[in-house]
Amino acid sequence: MAIILSINSGSSSVKVSIYQSSTQSQPPKQLADAQINGLTAPPAKFTYERGTERVKNQEVKDVSSNEDACEYILDHLVKDEGLSEIPSRDDITHACHRVVHGGDYPDAHVIDQETYHHLEDLTDLAPLHNSSALAIVKACMKALPKAKNIAYFDTSFHATIPEAIRTYPIEPSIAKKNKLRKYGFHGISYAFIIKSVAEYLKKAESKTSIIALHLGSGASACAIKNGKSLDNSMGLTPLAGLPGATRSGDVDPSLIFHFTHDAGKPSRSSTKDLHISTAEEILNKKSGWKALTGTTDFGKISSSQDPACKLAFDILVDRITGFIGSYYVKLEGQVDALVFAGGIGEKGALLRTEIVEKIRCLGFELDQQTNNNIIEDVVRNIGQDGARHRTLVCQTDEQFEMARQCAVDLQSK
Ligand SMILES: Nc1ncnc2c1ncn2[C@@H]1O[C@H](COP(=O)(O)OP(=O)(O)O)[C@@H](O)[C@H]1O
Ligand SMILES: CC(=O)OP(=O)(O)O
Ligand SMILES: [Mg+2]
């Protein structure tokens, strides 16, 4: 019997789910689910669900980093008397960690000293993402001495992106030496999405092709051809492609040198071990919805009449429709479905309406009534009957995907 803790350290939240996995070939069973949101817009808020037990958006003090959030959640799990499966931290057998940048690792990896150092090296490529996940890995190695720590990478799913799509047209020797190429991100989520959509359509994953949108604090689009990643809008780092809560997404790379003369200088959040340039800080942390509207909450932006919010909304619609058009062509029109996922994709009925209206010419059309209902199924069809292509919403679950892969690996041993 394995007790699996799945930790998803995102750009504004830490989500932790705990599962029990028996040796039978059944999916892991979720025991409890905890989240701390709003790490970029304090005060942080705690949400917890176990059976019918619920805590919703309780403000928490002294939680300002992803590491604090994880410690707070671990403490809550062990102290919850209703969670009889884990009376102590020693009962946790596996800790699965979402590590955004995995470089060339094509699969998940057990974290030992050697892997840990390799992941630390990769932090230079994604300083704003990997460092918080690694801080949690380090904390778990100490706080959960009996658990096996395993890293699951956002990049692994995209190992299939073809050379002409992943290569940047720059000096090849420098690109090779410095590992400068498109990696693609949100891959744990896309692995969950393609599996769930194929199951919903009753098709083999290897015969399912979709355009998927993971729209959360960080947002990306993905073209999946016959079950495999063909392209993703993120690049060397999660900065490329769509704008996000605090990220600019694609801009002309020269822009930053006109924005500030200090672009190349270390930012104030740089430390001895963590090197972040002013340019990275501006484009990753001081742009996106936050810069345009003052809030990172896309729910608020969607329902506001403020012209700045309307502009931010229209920018996202424009950038997303651009990627859909491009991926539709790359997939030669062989598209089983357009799939919305992530907090904004799952809850943003108005955003879905405006996007699908813009791509009507490709054969997508919504059923407004279903689109406006609260969606609770894992996959829900929101498309109009008779439209050429389906439109779906998928409640993606990165924690479950890691636990599922962990359980599969356990059974194959
Ligand atoms: N009703 C809504 N309409 C549009 N966006 C929403 C709505 N409710 C929440 N959101 C947005 O979902 C985003 C968070 O998505 P999530 O996938 O949980 O993010 P993270 O990247 O932190 O995992 C936030 O920008 C939040 O404002
Ligand atoms: C890769 C990435 O952008 O992740 P998140 O959306 O969780 O910040
Ligand atoms: Mg996320």
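Residues numbered from 1 in each chain as written. Chains lettered and ligands numbered in written order. Predicted model: local features only at pLDDT ≥ 70, side-chain atom pairs only at ≥ 80, totals over all residues.

1. Description of the UniProt feature "binding site: Mg(2+)" (unreviewed entry) in the chain
Rules: UniProt positions are given in the numbering used here, feature names are shortened, and annotations may be inferred rather than shown by experiment. Only DSSP runs of H or I reaching four residues or more are called helices, and only runs of E reaching two or more are called strands; each is numbered from the N terminus. Two residues qualify as a contact pair if the distance between their C-beta atoms, derived from the backbone, is within 7 Å.
The positions UniProt marks with the feature "binding site: Mg(2+)" (unreviewed entry) are N8 and E398. In terms of the greatest pairwise C-alpha distance, the residues named above, spread along 391 residues, form a tight cluster of at most 7.1 Å across. The residue N8 is located in strand β1 (residues 2-9) in this model. Excluding residues that lie within four positions of it along the chain, N8 makes contacts with K15, R98, E398 and Q399. Checked against the element boundaries, E398 lands in helix α15 (residues 398-411). Sequence-distant contacts of E398, that is, excluding residues within four places in its chain, are made with N8, R98, I188, S189 and F192.

2. Re the site of ligand 1
Put simply, the rule reads: Contact assignment follows one rule, namely that a residue is near a molecule or strand if its backbone-placed C-beta atom lies within 6 Å of it. When residues are sorted by character, Ala, Val, Leu, Ile, Met, Phe, Trp, Tyr, Cys and Pro go into the nonpolar class, Asp, Glu, Lys and Arg into the charged class, and all the rest, Gly among them, into the polar class. The start and end points of each domain follow an automatic or database-based domain assignment.
Around ligand 1 sit 17 residues, and of these G216, S217, G299, G343 and G348 come closest. Of all the secondary structure elements, the ones that give two or more residues to the shell around ligand 1 are α10 (298-303) and α12 (342-347). Counting residues per element, the shell around ligand 1 draws most heavily on α12, which supplies four residues. Split by residue class, the shell around ligand 1 holds three nonpolar, twelve polar and two charged. Mapped onto the domain boundaries, the shell around ligand 1 takes at least three residues apiece from domain 1 (2-153) and domain 2 (202-394).

3. Describing the domain arrangement of the chain
Partitioning the chain into structural domains gives domain 1 (2-153) and domain 2 (202-394). On a C-alpha basis, the centroid separation for the pair domain 1 and domain 2 is 25 Å. In this complex, domain 1 contributes 13 residues to the contact, which on the side of domain 2 involves 13 residues. A breakdown of the residues in the side of domain 1 that touches domain 2 according to their chemical character gives six nonpolar, six polar and one charged.

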